[in-house]
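Notes for the structure review
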Amino acid sequence: MNNSDQFNASRRQLLKRSLGGTTLLGLTGGFAFNPMLEAMAADLPKVDLRTGTGQWVPTTCQGCTSWCAKQVYIMDGRAIKVRGNPHSKIHDTSSCPRQFLGLQQVYDPDRLQSPMIRTNPNKGRDEDPMFQPISWDKAMDLLADKIMALREKNETHKYALMRGRYSLCNDLLYSKMTAMIGSPNNISHSSICAEAHKMGHYYMDGNWGYMQYDVKNTKYILSFGADPIASNRQVSFYSSEWGNTLDQAKVVIVDPRLSASAAKAHKWIPIETGQDSALALAIAHHALVKGLWHKPFVGDFNDGKNRFVAGQEVDDSSFSETHTYGIVKWWNLALKDYTPEWAEQTAGIAAADIRTIAEEMGAVAPNVQVWNARGAVMQTRGTYTSMACHALNGIFGSIDNEGGVFPYNKAPLNKNFPDPDAYMDAIAKKGKKHEKIDQRGRLELPALKKGKSGKGVVTGNVATALNAADPYNIEVMLAYFNNFAFSSPESKQWEKALSNINFMAHITTNISEFSWFADLLLPSTHHMFEKWGVLNAAGNGVSHVSLQKPSIKRMYDTRQDESEVPYLLAQKLAEKGFDLPWRYINEQLLDPETGKPAKSIDEFPELLAKYVTAPIWGEDGHKYGEQLSGWDELKEKGVWNTHEYQLKSRWSKFKTETHKFEFYSKSFEKALTKHAKKHHVDVNTVVDACEYSGYDKVAFVPNYQAPIRDGSAKEFPLLFVDQKSRLNHEGRSANSSWYYEFKDVDPGDIAGEDTAKINPIDGKKLGLKTGDRVRITSTVGSIECTIALWEGIRPGSVAKCFGQGHWAYGRTASKEFGKTARGGNNNTIIPTRFDRFSGASAFYGHIRIRVEKV
Ligand SMILES: Nc1nc2c(c(=O)[nH]1)N[C@H]1C(S)=C(S)[C@@H](COP(=O)(O)OP(=O)(O)OC[C@H]3O[C@@H](n4cnc5c(=O)[nH]c(N)nc54)[C@H](O)[C@@H]3O)O[C@H]1N2
Ligand SMILES: Nc1nc2c(c(=O)[nH]1)N[C@H]1C(S)=C(S)[C@@H](COP(=O)(O)OP(=O)(O)OC[C@H]3O[C@@H](n4cnc5c(=O)[nH]c(N)nc54)[C@H](O)[C@@H]3O)O[C@H]1N2
Ligand code: SF4
Ligand SMILES: [Mo]
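So, here's what we can say about the structure. (Residues numbered from 1 in each chain as written. Chains lettered and ligands numbered in written order. Predicted model: local features only at pLDDT ≥ 70, side-chain atom pairs only at ≥ 80, totals over all residues. Heavy atoms only, no water.)

Some details on helix α22 (residues 491-499)
The criterion, for reference: Buried means the residue's accessible area, taken with a 1.4 Å probe over protein chains only, is under 20% of the maximum for its type, while exposed means over 50%, and partly exposed covers the values in between. Each helix is a run of H or I in the DSSP string that is no shorter than four residues. Each strand is a run of E no shorter than two, and both are numbered from the N terminus. Between two residues, a contact is recorded if the distance between any of their heavy atoms is within 4.5 Å.
For α22, the full list of buried residues reads Ser-491, Trp-494, Glu-495, Ala-497 and Leu-498. Considering only its buried residues, α22 is in contact with β6 (159-163), α20 (462-467), β17 (476-480), α21 (484-487) and β18 (503-508).

Structure representation (structure tokens):
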């Protein structure tokens, strides 16, 4: 019993005594008129007056990357309901509609309840793994044996750690253990998430990360693909604020489909998928021609006379820039030709609309904001779309400005655990030197994270690389919180690759498509209710750091993925004579207050969360945000907030090569040139190898690159538009019945169905009506689902939510578990393609399809 339980118990007794045994439930409705309860009210938390028992416990939702701070209401060890944590200065108590799905997930009867071992040696989608329960001890023993066998062969590079969703306590399992075991292969899911998005930010303003948007003070929102009230990175806050935003600002949403945000917007531009950069560039062009750039940020012509005339070069020396670099270079290299008429011809966007948007934005600059999102940039040439969209934030001076866009406030955390060098023996050091399994850094896969060739991950290429055994095979894989056989494009490739891995262990809550290929299943705690973790989010001008904290009686024989599993593994390895990871845990991961290691596994998860957050609850917390009295206060509140973002704080201190906002990206020039040199070729050879179309110096500025389409328009006449559901917890909602019952919160969708939406014009041509079953076929596969005729999708395109089409995961997610899918997984029909400069998988723009009635 902890303190608050005791408190509750004694309070219950007190109430019982004073009420002479009357049941509380019968009374709660009328307490306001009961003088005795009124008198006691001052001493009681409000919630208890309403319910008689229970308490709100803080935690964090990871249903999506909003990472909202939550409170869970616990009664008798069970979670009953969820709300926003009022201590968060981002979203307060507000929330999104899918917060409650977590309850159905943690109490999902199909959860994995104990470790299991595969007894069918054959692997494949059609092979029943015949999993049998085993103990944790045996399971970890087996995994440790497999790792020891690699060490004996001096082949530790053939170990890989695959990470899907994660908390900021991941560094031990993800990175340090992998290094000590001796492998370079810690592979995250980032490049099937949103890496291309960061390219514009990083190579123009030096921020390898996402942005927050000052929606309270903005006068204009132009969104390329973002649907902030349904998806993206702070749904709770933006949803709660959106009504005011719509009153005070003009909102324009660019999306091939009528998203939830588009449905409420002042204007919806149903763009053809893959053509966003044409629109962004033409807006930029028109803004310059009309002299609408924000002069305090960009600067001006020396004599104040605008010389930007369509098609005409400008003398570089006639313009003096203030906080930006290369506006004239950009104009001369590319922008001068991107007239609104050119965009109309190239991408079918009305020139008049383009002029209107540019002029309206110019009129209220700098209080404008330009969003871009996965839909616009996770495409074959998405790096340049990312740059083109973000360049508008530069032109209109909205970077770090009121009503504009700015990066997350700094929240100091010990995310990177101590250097493991002293705990890496000769085998490990040798193993770690091998090329990484995803082939990052090769000529055709620059993955230029933070300016460095091969620094970014290429998650989507792992399956291809494994299937080619190039650079080598993986023999032992440990994976957690991921489902790449479902969530990564061309899922068939993953099924094949996973079938050929000697030994794979999956840490998971459910037997997913990925788990189906495992040798060992390790049941995980649910992240929101049963785990210690740390998360960091931003919005409303602040960042918060929020804890995940166990709040219920743990369901089943589960372990915490990022703390308990590596602890058990290190212990087992030590038993087998390899004690370096165990020593690392006990010598390096110490309680920041006592300086001591965890006494047992029971103490370890909390110790890690405490370690990671030490800088914010320690004495220096006030330098960055709220001053807390210590770890206990953070544990109780669950959230810590930074100070407000300092506007204009980065102006002329951007972390770019020139310290300016770079329209001509010197930073990108440097990165690409270094990558070319590494391969002894010139930049144009890299451009060709990576399937881009802008050569020489054009490669360093935002420029138009026609979208690559997969397949012929004759055979596949329609374009596929993938989207997130408002109810998606990434790929993890489909075993919850509420997901189907409320599915019509997604505009155009039918409740209970997996709905592809087609414009009535196309529907009529194909003889389709709403409710028909259809087959959708691309160059790489087919899926079946239900069709709806809907005006909210542009003609020529078909939109469908990602998230259904599971053939495993549970009885609700699949039609027949292990055999037949319920609905269709979009990734079955998305061909493997990349935005090679970022390493990101393409999920949009390239997918040609045909639709047939079945
Ligand atoms: N077509 C299409 N594909 C997409 C997307 C899309 O919009 N469209 N979105 C992409 C994006 S942005 C992302 S980030 C990726 C996400 O892709 P992944 O990182 O692969 O994550 P999920 O698909 O959510 O799967 C997580 C898996 O972890 C397990 N699991 C569930 N809950 C828990 C838990 O609490 N703890 C642990 N340890 N395990 C758990 C289950 O096996 C589950 O299948 O998908 C990408 N794929
Ligand atoms: N509801 C919900 N929200 C989530 C998540 C979730 O699973 N569910 N996951 C979280 C995660 S992991 C991430 S990474 C973020 C990602 O959040 P965002 O970066 O905002 O990305 P998505 O929502 O995946 O973007 C897809 C959108 O792009 C549109 N689109 C498709 N093609 C194009 C195109 O060519 N041009 C334009 N302009 N639009 C296009 C789609 O219709 C859809 O609205 O979302 C997070 N938020
Ligand atoms: S699903 Fe996303 S927006 Fe909703 S509560 Fe969870 S983290 Fe926040
Ligand atoms: Mo993501």
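So, the site of ligand 2
So the rule is basically this: Residue proximity to a molecule or strand is established when one non-hydrogen atom of the residue lies within 4 Å of it. Think of a polar contact as two N or O atoms within 3.5 Å of one another; within protein, one of them needs to be a possible hydrogen donor and the other a possible acceptor, and neighboring residues in sequence only count if both atoms come from side chains. In short, Shrake-Rupley with a 1.4 Å probe defines the accessible areas, and a residue's cover is counted only from the protein chains shown. Residue type decides the class: Asp, Glu, Lys and Arg count as charged, Ala, Val, Leu, Ile, Met, Phe, Trp, Tyr, Cys and Pro as nonpolar, and the leftover types, Gly among them, as polar. For the purposes of this description, domain bounds are those given by an automatic or database domain assignment.
By nearness alone, 32 residues border ligand 2, and Ala-230, Ser-231, Asp-255, Asp-276 and Glu-730 come closest of all. A distance of 2.7 Å separates an oxygen atom of ligand 2 from a polar side-chain atom of Ser-231. Note that a nitrogen atom of ligand 2 is positioned 2.7 Å from one of the backbone N or O atoms of Asn-728. Surface burial for ligand 2 is 99%, taken as the share of its 930 Å² of free accessible area covered by protein chains. Of all elements in the fold, only α17 (374-377) and β24 (718-724) reach the threshold of two or more residues within the shell around ligand 2. Classifying every residue of the shell around ligand 2 gives ten nonpolar, eleven polar and eleven charged. Here the shell around ligand 2 spans two domains, and each of domain 1 (211-406) and domain 2 (718-853) adds at least three residues to it.

Topic: the packing of aromatic side chains
The criterion, for reference: Note on aromatic pairs: the rings of Phe, Tyr and Trp (six-membered ring only in Trp) are paired at centre separations within 6.5 Å, and the planes decide the class, stacked below 30 degrees, edge-to-face beyond 60, tilted for the rest.
Taken as a whole and judged by the stated rule, the model has 46 aromatic pairs. Ring geometry for Trp-293 against Phe-319: centres 5.8 Å apart, planes inclined by 45°, an arrangement best described as tilted. Residue Trp-293 is located in the loop between α12 (276-289) and α13 (295-298), and its partner Phe-319 is located in strand β13 (residues 319-321); the two are separated by 26 residues in the primary sequence. Each of the two residues, Trp-293 as well as Phe-319, counts as buried. Consider the rings of Tyr-423 and Tyr-584, whose centres lie 5.4 Å apart with planes at 85°: the pair is edge-to-face. Of the two residues, Tyr-423 sits in the loop between β16 (405-407) and α19 (426-432) while Tyr-584 sits in helix α24 (residues 580-588), which places them 161 residues apart along the sequence.

Regarding the sheet that holds strand β20 (residues 533-539)
Test applied: A pair of strands counts as paired when DSSP detects no fewer than two bridges linking them. Only the stretch in contact is used when fitting a helix axis, every axis being a line fitted to C-alpha atoms; angles between N-to-C directions are given from 0 to 180 degrees.
The three strands lie next to each other as β20-β21-β22, forming an open sheet whose pairing is antiparallel. One side of each edge strand has no neighbouring strand; the edge strands of this open sheet are β20 and β22 (639-641). Put simply, the sheet's adjacent strands are angled 20° from each other on average, direction ignored. Summarising the sheet, β20 and strand β21 (residues 542-548) pair through seven bridges and their orientation is antiparallel. Within the sheet, the bridge partner assigned to Asn-536 lies in β21 and is Val-545.

Brief notes about the sheet that holds strand β11 (residues 267-269)
Read from one edge of the open sheet, four strands run β11-β10-β9-β15, paired in parallel fashion. Where the open sheet ends on each side, the last strands, each with one partner, are β11 and β15 (368-372). Adjacent strand axes in the sheet meet at a mean angle of 15° when their direction is disregarded. Contacts from α12 reach β9 (220-224), β10 (250-254) and β11, with the element oriented near 145° to β9. Sitting on the sheet, helix α18 (residues 382-395) touches β9 and β15, and the angle it makes with β15 is about 170°.

What about the site of ligand 3?
For clarity, the cut-off: Computed over the protein atoms alone on a 1 Å grid, cavities are sets of points where a 1.4 Å probe fits but cannot get out and pockets are open sets with protein on both sides within 12 Å along at least five of seven lines; a residue lines them when it has an atom within 4 Å of a point. Throughout, a molecule is located in a cavity or pocket provided that more than half of its atoms lie within 2 Å of its grid points.
Around ligand 3 lies a shell of 14 residues, among which Cys-61, Cys-64, Cys-68, Cys-96 and Arg-98 are the nearest. In this structure, ligand 3 is accommodated by the second largest cavity.

Remarks on empty space enclosed by the protein
We count it as follows: Grid points are joined across faces, edges and corners, and a volume is the space filled by probe spheres set on the points.
What the rule picks out here adds up to six cavities of 30 Å³ or more. Of the pockets and cavities examined, the second largest cavity occupies roughly 90 Å³. The wall of the second largest cavity is formed by 13 residues, among which Cys-61, Cys-64, Ser-66, Cys-68 and Cys-96 lie closest to the centre. In terms of residue class, the lining of the second largest cavity is built from six nonpolar, five polar and two charged.

Quick word on unusual backbone geometry
Put simply, Ala-365 and Pro-366 share a cis peptide bond, and its omega is 10°. Among the structural elements, Pro-366 can be located in the loop between α16 (351-364) and β15. Here the amide bond leading from Asp-470 into Pro-471 is cis, since omega sits at 10°, within 30 degrees of zero. Among the secondary structure elements, Pro-471 is positioned in the loop between α20 and β17. Even without being glycine, Lys-450 reaches a positive phi, approximately 50°. Its place among the elements puts Lys-450 in the loop between α19 and α20. For Lys-450, a relative accessible area of 38% puts it in the partly exposed group.

Re the state of the cysteines
Test applied: We call a pair of cysteine sulfur atoms a disulfide when they lie within 2.5 Å.
All chains considered together, the criterion is met by zero disulfides. Left unpaired, Cys-169 is separated from the closest cysteine sulfur, that of Cys-61, by 17 Å. Overall, Cys-169 belongs to the buried group, its relative accessible area being 2%.

Remarks on the pairing of β9
As a reminder of what qualifies: Clockwise travel from the first strand over the helix to the second, with the strands pointing away from the viewer, marks a crossover as right-handed.
Burial analysis of β9 places five of its five residues in the buried class, the great majority of the element. On β9, burial covers both faces: Tyr-220, Leu-222 and Phe-224 on one face and Ile-221 and Ser-223 on the other are all buried. Note: β9 against β10, five bridges, orientation parallel. From the neighbouring strand, Ser-223 faces β10, where its bridge partner is Ile-253. The parallel pair β9 and β10 is bridged by helix α10 (residues 235-248), and the resulting crossover is right-handed. In the sheet, β9 pairs with β15 via five bridges, with the strands oriented parallel.

Remember that the coordinates give geometry; whether it matters functionally is a separate question.
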